[in-house]
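Residues per chain are reported as follows:
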Amino acid sequence: MKPTDIGNPDYFHKVVDCQWACPAHTPVPEYIRLIAQGRYGDAYMVNWNSNVFPGILGRTCDRPCEPACRRGRVEENQGEKPEPVAICRLKRVAADFKEDIRDRLPKKAARRNGKRIACVGAGPASLTVARDLAPLGYHVTVFDSDRLAGGMIRSQIPKFRLPESVIDEEVGYILDLGVDFRAGHRVDSLKALLGEGFDAVFVGSGAPRGRDLTIPGRKEAAANIHIGIDWLSSVAFGHVTKIGRRVIVLGGGNTAMDCCRSSRRLGGEDVKVIVRSGFEEMKASPWEKEDAMHEGIPILNYLVPKAFLHDEGKLTGVLFEKVKAVYSKPEGKPDEKPRRSLVPTGEPDVAHECDDVLVAVGQENAFPWIERDIGIEFDEWGMPVLDPVTLQSKRKDVLFGGDSALGPKNIIWAVAHGHDAAISIDRLCHGEDVHDRPPPQVNLLSQKMGIHEWSYDNQVAPEQRFKVPLKDLTIALKNIKEEVELGFDPELAWKEAQRCLNCDVQTVFTAKLCIECDACVDICPVDCITFTANGEEGELRARLNAPATNLDQALYVSAPLKTARVMVKDEDVCLHCGLCAERCPTGAWDMQKTLIEMVDAGPGARTHIRTNKKISRKAA
């Protein structure tokens, strides 16, 4: 293998698995250390610069960072269920305990640059575009049919999960940047909007249409059959304040979990979630399912709805067919994964009585307001055909992001799309190649404070994940606006922060200083360091002190040493504890913090400015 190029910004980025997994690439270990130091405002700003909505995401994020957390892997043999660091809930800590940070936010542009940008929809993707472009002097106009900005953040997430005050605060930070918010303004024609002379239009209208179930009885019992996302919006805006005593929620995603938990608070005493798939195959996040069951809501699986039962138009129940999962490999394709099919078990159909049904079986995009003769191409599913890098449609001045771009996902993906679209718009308006994307800025800084002392706490805490306290159910279920999760207090936050392995503090090796004494090998607690003859990656992985079987994780390979051997470190299980650097007698090992910051729209993202002023990645 060739020596590892640690000057490549992608190398250590991938080693910081949580940051790599986050669509907005938030520097997770950096803000967790700041929380441990009680520097909540600093931790909040690290988040705000990346993910825009720390308080909102600290309560609602789908947490793609947590399955990637190295803590879960290194604890695999210590318990039945290794738990990652509570990254998401620590983000909330920064928001809950920060000081007033308004003086640290960007200011309104002193003057406009003459460019006008329209954002359709005031959800997280459009608000991110506005946040990135408004301080640069763009005149950003955000249109939304609702009277308050926030989009699905405000209309589809129940207040017992996300208080209105948190939404108002973080949406307000963006609108205060000089954004022109047109509340109550529905865009009915993209052609007409383009005719107003905007330099670019960003479509962040979400996936506003819930899928329906066209099975027998749907029309007859329509009065008590509700589309989940529409019903949640009606609840959010106070149009719906009660529901029947017996409720069935159809669907297994996060929307279904919000529907069933909201029903419990609006009068539903017998609430069930009924799903056609298996429990593990449900799209809902594991913690969403746990929260629903904690509130006494059963989840019934492998039941396919066949008909809505009614008595002269009054809903009485739902009839289900029992199914089972059967897996089979496609014919002639033995290497492909088995495909799952749901087949009837042959058992009698079962009926579940109910007074109301909430249908939460998926969401769809709806673009009736986009004319098909203005240069935007749609695929066979009615989705816009987009450049996956720039998010531009076939008409280059119209971009899409969030759920309207790639179908329903989550808030953090919408934020990432907003950042990417803002770069595209900025470069487009300055006549630059939109495909030329700025590299991240990377710094490697030694953490050495003495011969064997570091500027970070490198002790590996043995504790298992701490639980977030919850409000007593007798109180929580009485008020749909009563926040259920209490969040970590500073003491619990400090304890949970200690579980972070500081994966951004890297073990950096200097081959010319190594005397091959193997002291680092002897002291490594997880046997991730090996001095051996070089070879092809496959066979080299197999003969390390601890075979490196996770091919998704890199091997750190040094230049040849004096004996022609190489140092090989498996990044998969390294604890970043620094014991190798403490034990090394020659300083061949050093602990260096790698701070990776993505470049947003603005001077650092434009080619001619980066070239003229030499604004580029700071080489390690």
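About the criteria used
- Residues numbered from 1 in each chain as written.
- Predicted model: local features only at pLDDT ≥ 70, side-chain atom pairs only at ≥ 80, totals over all residues.
- Heavy atoms only, no water.
- Core = buried A, V, L, I, M, F, W, Y, C linked by side-chain atoms within 4.5 Å.
- Buried < 20%, exposed > 50% of the residue type's maximum accessible area, 1.4 Å probe, protein only.
- Helix = DSSP H or I, 4+ residues; strand = E, 2+ residues; numbered from the N terminus.
- Contact = heavy atoms within 4.5 Å.
- Polar contact = N/O pair within 3.5 Å; in protein donor to acceptor, adjacent residues only side chain to side chain.
- Salt bridge = Lys/Arg side-chain N within 4 Å of Asp/Glu carboxyl O.
- Expected span 1.5 Å × (residues − 1).
- Pairing = 2+ DSSP bridges.
- Axes fitted to C-alpha atoms, helices over the stretch in contact; angles between N-to-C directions.
- Phe/Tyr/Trp six-rings, centres within 6.5 Å; stacked < 30°, edge-to-face > 60°.
- 1 Å grid on protein atoms, 1.4 Å probe; cavity = no way out; pocket = protein on both sides within 12 Å on 5 of 7 lines; lining within 4 Å.
- Points joined across faces, edges and corners; volume = space filled by probe spheres on them.
- Nonpolar A, V, L, I, M, F, W, Y, C, P; charged D, E, K, R; others polar.
- Parallel < 35°, antiparallel > 145°, perpendicular 65-115°, else oblique.

Draft legend 1. Inspection of the nonpolar core at higher detail. Phe53, Ile117, Leu133, Val140, Phe202 and Ile425 are the most contacted members of the largest nonpolar core, which totals 46 residues. Of all the elements in the fold, those that place two or more residues in this core are α5 (54-60), β1 (116-120), α9 (124-133), β2 (139-144), α11 (164-175), β4 (200-203) and α17 (411-429). Looking at this core, the element that brings in the most residues is α17, giving nine residues. Among all residues touching Leu133, those that are not within four sequence positions of it are Ile117, Tyr138, Val140, Ala422, Ile425, Asp426 and Ala601. Listed in part, the 31 residues of the second largest apolar core include Tyr40, Val46, Val93 and Ala94.

Draft legend 2. Expanded view of the side chain of Thr390. The topology assignment puts Thr390 in the loop between β15 (363-364) and β16 (398-400). Within polar-contact distance, the side chain of Thr390 engages the side chain of Gln392 at 3.0 Å. When sequence neighbours within four positions are dropped, the list of residues in contact with Thr390 reads Leu399, Ala421, Ser424, Val434, His435 and Arg437.

Draft legend 3. A look at the pattern of salt bridges. Applying the stated criterion across every chain yields a total of 49 salt bridges. Asp180 is paired through a salt bridge with Arg182; the nearest N and O atoms lie 3.0 Å apart. A salt bridge links Glu295 to Arg261, with the shortest nitrogen-to-oxygen separation between them at 2.9 Å. With Glu295 in the loop between α15 (286-294) and β9 (299-300) and Arg261 in helix α14 (residues 254-265), this pair connects stretches of sequence that are 34 residues apart. Each member of the salt-bridge network shares a partner with another, and the members are Glu30, Arg33, Asp504 and Lys593.

Draft legend 4. Up close: α14. With 12 residues, α14 extends 17 Å from end C-alpha to end C-alpha; this agrees with the ideal 16 Å at 1.5 Å per step. Of all 12 residues in α14, 11 are buried, a share of seventy percent or more. Taken as a whole, α14 has its buried residues at Asn254, Thr255, Ala256, Met257, Asp258, Cys259, Cys260, Arg261, Ser262, Ser263 and Arg265. Immediately beyond the C-terminal end of α14, within one or two residues, lies Gly267, with a positive phi of roughly 115°.

Draft legend 5. Focus on the pairing of β4. Of the two faces of β4, the one lined by Ala200 and Phe202 and the one lined by Val201 and Val203 are each fully buried. Pairing of β1 with β4 involves four bridges; the strand directions are parallel. Among the inter-strand pairings, Val120 is bridged to a residue of β4, identified as Val203. Pairing of β4 with β16 involves three bridges; the strand directions are parallel. Across the sheet, residue Phe202 finds its bridge partner in β16, namely Leu399.

Draft legend 6. Highlighting unusual backbone geometry. Phi is positive for His25, which is not a glycine, with a value near 55°. With respect to the helices and strands, His25 occurs in the loop between α2 (17-21) and α3 (28-36). You will see that Arg63, though not glycine, has its phi angle at about 60°, which is positive. Within the secondary structure, Arg63 sits in the loop between α5 and α6 (65-68).

Draft legend 7. A look at α9. With 10 of 10 residues buried, α9 lies mostly within the body of the structure. Inspection of α9 places Pro124, Ala125, Ser126, Leu127, Thr128, Val129, Ala130, Arg131, Asp132 and Leu133 among the buried residues, and these make up the whole buried set.

Draft legend 8. Highlighting the sheet that holds strand β22 (residues 589-597). Reading across from one edge, β17-β22-β18 is the order of the three strands in this open sheet, with antiparallel pairing throughout. Since the sheet does not close on itself, it has two edges, and those belong to β17 (441-446) and β18 (505-509), each with one partner. On average, each strand axis in the sheet is tilted by 40° relative to the strand beside it, whichever way the strands run. Pairing analysis gives six bridges linking β17 to β22, with the strands arranged antiparallel. If you follow Gln441 over to β22, its bridge partner there is Glu597.

Draft legend 9. View of the sheet that holds strand β3 (residues 180-183). The strand order across the open sheet formed by five strands is β3-β2-β1-β4-β16, and the pairing between neighbours is parallel. Whereas interior strands pair on both sides, the edge strands pair on one side only; in this sheet they are β3 and β16. Strand-to-strand twist across the sheet, computed as the mean angle between neighbouring axes with direction ignored, equals 20°. Running over the sheet, α9 touches β1, β2 and β4 and is turned about 160° from β1.

Draft legend 10. Highlighting the packing of aromatic side chains. With the rule as written, the count across this model stands at eight aromatic pairs. Plain terms: the ring middles of Phe509 and Phe531 are 6.3 Å apart, the flat faces sit at 65° to each other, and that makes the pair edge-to-face. Of this pair, Phe509 sits in strand β18 while Phe531 sits in strand β19 (residues 529-532), and the two are 22 residues apart along the sequence. Take Phe509 and Phe531: they sit in the same class, and that class is buried.

Draft legend 11. Here's a closer look at empty space enclosed by the protein. Considering all chains together, one arrives at seven cavities of 30 Å³ or more under this definition. Taken as a whole, the largest cavity spans an internal volume of roughly 170 Å³. The wall of the largest cavity is formed by 18 residues, among which Arg89, Arg161, Arg261, Asp291 and Glu485 lie closest to the centre. Elements that contribute at least two residues to the lining of the largest cavity include exactly α5, α8 (87-97) and α15. Sort the elements by how many residues they give to the lining of the largest cavity and α15 lands first, with four residues. Among the residues making up the lining of the largest cavity, the classes are represented as five nonpolar, two polar and 11 charged. What lines the second largest cavity is a set of 14 residues, among which Cys18, Cys69, Arg70, Cys500 and Cys503 lie closest to the centre. Counting only elements with at least two residues in the lining of the second largest cavity, the list comes to α2, α3 and α7 (70-74). A per-class count over the lining of the second largest cavity returns 11 nonpolar, no polar and three charged.

Draft legend 12. Structural detail: the packing of helix α4 (residues 40-51) against α17. Where α4 meets α17, the axes come as close as 9 Å, and the angle between the chain directions of the two elements is 70°. What the angle tells us is that α4 and α17 run roughly perpendicular. Of the residues in α17, those touching α4 at Asn49, Ser50 and Asn51 are Ile412, Val415 and His419. When the residues that make up the contact of α4 with α17 are grouped by side-chain class, the tally is two nonpolar, four polar and no charged.

Draft legend 13. Region of the structure containing the layout of surface pockets. Quantified by volume, the second largest pocket comes out at close to 1200 Å³. Along the walls of the second largest pocket sit 48 residues, with His419, Ile423, Met598, Val599 and Asp600 positioned nearest its centre. At the level of elements, α1 (9-15), α2, α4, α9, α17 and β22 are the ones that each hand at least two residues to the lining of the second largest pocket. In terms of residue count, the dominant contributor to the lining of the second largest pocket is α17 (six residues). Across the lining of the second largest pocket, the residue classes break down as 29 nonpolar, 10 polar and nine charged.

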